[in-house]
Amino acid sequence: MTILHLDKNHDLLINQLNDLGFTNHEDYSSSKEAIEAKISDFDGLIIRSRFKIDKQFLDAATNLKFIGRVGAGLENIDTDYAEKKDVTLFNAPEGNRNAVGEHTLGMLLALFNKLNKANREVRHGKWLRENNRGIELDGKTVGLIGYGNMGKAFAKKLKGFDVEVLCYDIKSNVGNENCKQVTLKELQEKADVLSLHTPQTELTINMVNALFINNFRKPFWLINTARGKSVVTDDLVSALKSGKILGAGLDVLEYEKSSFESLFNSNLPASFQYLVNADNVILTPHVAGWTIESKEKLAQSIVDKIKAKFC
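All values derive from a computational prediction rather than experimental measurement.

Basis of the calculations
Residue numbers run consecutively from 1 along every chain, following the written order of its sequence. pLDDT decides what is reported in this predicted model: residues at 70 or higher carry local features, side-chain atom pairs at 80 or more are listed and counted, and totals for whole chains, interfaces and linings draw on all residues regardless. Remark: hydrogens and water are excluded; side-chain values derive from all non-hydrogen atoms of the structure. Comment: elements are numbered from the N terminus, with helices defined as DSSP H or I runs of at least four residues and strands as E runs of at least two. The contact criterion used is simple: two residues touch if any of their non-hydrogen atoms lie within 4.5 Å. To obtain each axis, a line is fitted to C-alpha atoms, and for helices this fit is confined to the stretch in contact; angles are then taken between N-to-C directions over 0 to 180 degrees. For classification purposes, an angle smaller than 35 degrees is called roughly parallel, one larger than 145 roughly antiparallel, one from 65 to 115 roughly perpendicular, and anything else oblique. If you view the pair so one helix is near and one far, a crossing is left-handed when the near helix is turned anticlockwise from the far one by less than a right angle, and right-handed when it is turned clockwise. Note on residue categories: nonpolar means Ala, Val, Leu, Ile, Met, Phe, Trp, Tyr, Cys or Pro, charged means Asp, Glu, Lys or Arg, and polar means any other residue, Gly included. DSSP-based pairing: two strands are paired if at least 2 bridges between them are found. Accessible area is worked out with a 1.4 Å probe on protein chains only. A residue is then buried under 20% of its type maximum, exposed over 50%, and partly exposed in between.

1. A few points about the environment of glutamine 300
For step 1, the next point in the chain: When you line up the elements, glutamine 300 lands in helix H12 (residues 292-310).
For step 2, the next point in the chain: Taking the C-alpha atoms as reference points, glutamine 300 and glutamine 188, separated by 112 residues in sequence, lie 38 Å from one another.
For step 3, the next point in the chain: Residues within four places of glutamine 300 in sequence aside, it is in contact with Leu12 and Gln16.

2. Focus: the packing of helix H5 (residues 93-112) against helix H7 (residues 149-157)
In helix packing, the relevant descriptors are the interaxial angle and the interaxial distance, both defined with respect to the helix axes.
For step 1, the next point in the chain: Contact pair H5 / H7: the axes reach a minimum separation of 8 Å and the direction vectors enclose 50°. By the angle between their axes, H5 is oblique relative to H7. For the pair H5 and H7, the crossing hand works out as right-handed. Residue-level inspection shows Pro93, Glu94, Asn96, Arg97, Asn98, Val100, Gly101, Glu102, Thr104, Leu105 and Leu108 of H5 in contact with H7, the latter providing Asn149, Met150, Ala153, Phe154 and Lys157.
For step 2, the next point in the chain: Within the contact of H5 with H7, the residues separate by chemical class into 7 nonpolar, 5 polar and 4 charged.

3. Remarks on the sheet that holds strand E11 (residues 245-250)
For step 1, the next point in the chain: With parallel pairing, 7 strands are arranged side by side in an open sheet as E8-E7-E6-E9-E10-E11-E12. Each having just a single partner strand, strand E8 (180-181) and strand E12 (281-283) make up the two edges of the open sheet.
For step 2, the next point in the chain: Here strand E10 (residues 220-224) pairs with E11 via 5 bridges, running parallel. Within E11, the position partnered with phenylalanine 220 by the bridge is isoleucine 245.
For step 3, the next point in the chain: Along the sheet, H7 contacts strand E6 (141-145), strand E7 (164-168) and strand E9 (193-196); its crossing angle with E6, the most-contacted strand, is approximately 165°.

4. Looking at the side chain of lysine 32
For step 1, the next point in the chain: Relative to the helices and strands, lysine 32 is located in helix H2 (residues 32-38).
For step 2, the next point in the chain: For lysine 32, a relative accessible area of 19% corresponds to the buried category.
For step 3, the next point in the chain: The contacts of lysine 32, once residues within four sequence positions are left out, are Phe51, Lys52, Asp54 and Phe57.

Right, dumping it as structure tokens:
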């Protein structure tokens, strides 16, 4: 079988696939049209997020047997059509779940302890101790929406704290020893912190809007290390201004493009400028699952799944 790699990944991916007898080709620069023109020559495709694998692309891929997405989400693939074409889809949420769990916890603790603000002030000669008095995580209720690989990893990280961890998920019976599954209403009634761990689907796009936010009984902190389009930024900013949301840690943004790298290539709205300047907001560039270790684990997970299916 011949595999085309569209994004550069950890070297072990190609090395191990070579050892398994696959023929590997790399093309990290050609246009989507150029790739479509030759994709019929390949049995497998390895991608991250370079471009969308849509119906037109899949129709051109007449010999394609599998797509390996070196990451957690599959939103840049027309999954329904791929399944109709008998194309097996592999993703690797196991590969970066620990990284996401650690990053989410880091964002939350940084917000609670005003680390971003205090660091900036000290570097500018300001020694404001009382203004940077933090709050403690112990005693709080942390609510998770989505309790798959990422949600479970974050809940595991919270075991060292004296917190109540609740989750809401569209699947039933996903709770475990680290987290109690509840209704959305109960989560909104009790949560001091909301952390999103959902894929991008029709159900989750614009999920966190004004109505959703106002259904929380208490002011709360928001962490989003999932997908940017789950949060309506204008409504988030309004809630930050009113105090309904106490602070936000955002690794992902509504304005991201599917390629992730082109955020600043367009004019960004006023709401984004507010987030940039807000002391109670921490922003990172979609790197929650982007560690040295996860790069290797993601690649290994894809190799293992290809091997299990085709070797």
